[in-house]
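Working through the structure, step by step
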Amino acid sequence: MKKVKKNKKAQVKMMETIMVLLVFAFLFGLIMIFYARFQVLELNRIASQVEEQRAASFLNKILNMPELRCSLSFGPASEINCLDTYKLLAFTQLKENFKDEFVGLSNVTIVREYPPIVGKEEKCDATNLNNLANYPKNCGYWNLFDTGKKSRVSFDTFVTLCTPKQAGFFECEIGRLIVGVPKR
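Throughout what follows, the structure given in this document is the object of discussion. (Residues numbered from 1 in each chain as written. Predicted model: local features only at pLDDT ≥ 70, side-chain atom pairs only at ≥ 80, totals over all residues. Heavy atoms only, no water.)

Considering the pairing of strand 4 (residues 151-164)
Regular strands have side chains that alternate between both faces of the sheet. Put simply, the test is: The pairing criterion is simple: DSSP has to find at least two bridges between the two strands. Each helix is a run of DSSP H or I of at least 4 residues and each strand a run of E of at least 2, with the numbering of both proceeding from the N terminus.
Strand direction decides the pairing type here: strand 1 (residues 82-84) and strand 4, joined by three bridges, are parallel. By the bridge assignment, L83 is partnered in strand 4 with L161. Taken together, strand 4 and the strand that follows it, strand 5 (residues 170-182), pair antiparallel across an intervening segment of five residues, in which G168 is found at a positive phi of about 85°.

Quick look at the structure:
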C-alpha cells in the first residue's frame, strides 16, 4: 500500500514538472512570436528607408542627366537644378529608350508651378510640337516615365525650367520634379 502512495506522489510531482515545463514553453513561444513580429516590422521600416533614400538619389540622378540639364549657354541658371524645356520635350518623345534609367520607380513627372497655368493644364508631348511659338506656355507637365502602378510614396524637389528664346536669352519658370516609388 505504501508503494502505491509513493507512485501517486511521484506521478503528481512528474505532472507538476510537466505542467511547469509546458507553461515555460508556452511563454517562450509567445515571446518568440512577439520578437519575430517586432523584427518583421523593423525590417519593413528599414526597407522603406532604403526605398526613400533610393528615390532621393533618383531625384539627384535625374537633375544631373545631361539629356535634361540646361547647357552652359544658360549662364548662371545652369548651375541650379536647371532643366531645359526643349530637352524635356525631346525626352518625352524618346522616353522608351531610357526605361533602364528609371528601374525601381513608378513614375517621374515634372510639373510647372510658377507662373500658374491659365486654363486647362495639358501634358507636354508631341502635340506641342505643332505650336512651338507658345511652348511651354501651352502645357503644364511633362511625364518622363510611368509604369501605371500606384505610387506608395512620392518625393519631389523644385527645379528651374528654362526655355531658350533668342541668342543668349532665355526664360525660366519654377517647376517641381516628382519621383514616385511603387507599392510592394
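Picking up where we left off.
Here's the deal with the state of the cysteines
Condition: A pair of cysteine sulfur atoms is labelled a disulfide when the two atoms are within 2.5 Å. Throughout, exposure labels follow a simple rule: accessible area from a 1.4 Å probe, protein chains only, divided by the maximum for the residue type, with under 20% read as buried, over 50% as exposed, and the rest as partly exposed.
Under the definition given, this model contains three disulfides. Between the sulfur atoms of C70 and its disulfide mate C82 the distance is 1.9 Å. Where C70 bonds to C82 through sulfur, the torsion about that S-S bond is close to -60°, and the disulfide is left-handed. One end of the pair, C70, is in the loop between helix 1 (2-63) and strand 1; the other, C82, is in strand 1, with 12 residues separating them in the sequence. Here C70 and C82 have matching classes, each one buried. Disulfide partner of C162: C172, at an S-S distance of 2.0 Å. Measuring handedness by torsion sign, the sulfur bridge of C162 and C172 sits at about 100° and is right-handed. Of the two residues, C162 sits in strand 4 while C172 sits in strand 5, which places them 10 residues apart along the sequence. The class for C162 is buried, based on a relative accessible area of 0%. For the chain, numbering the cysteines in disulfides from first to last along the sequence yields the connectivity 1-2, 3-4, 5-6.

These values are about where atoms sit, not about what they do.
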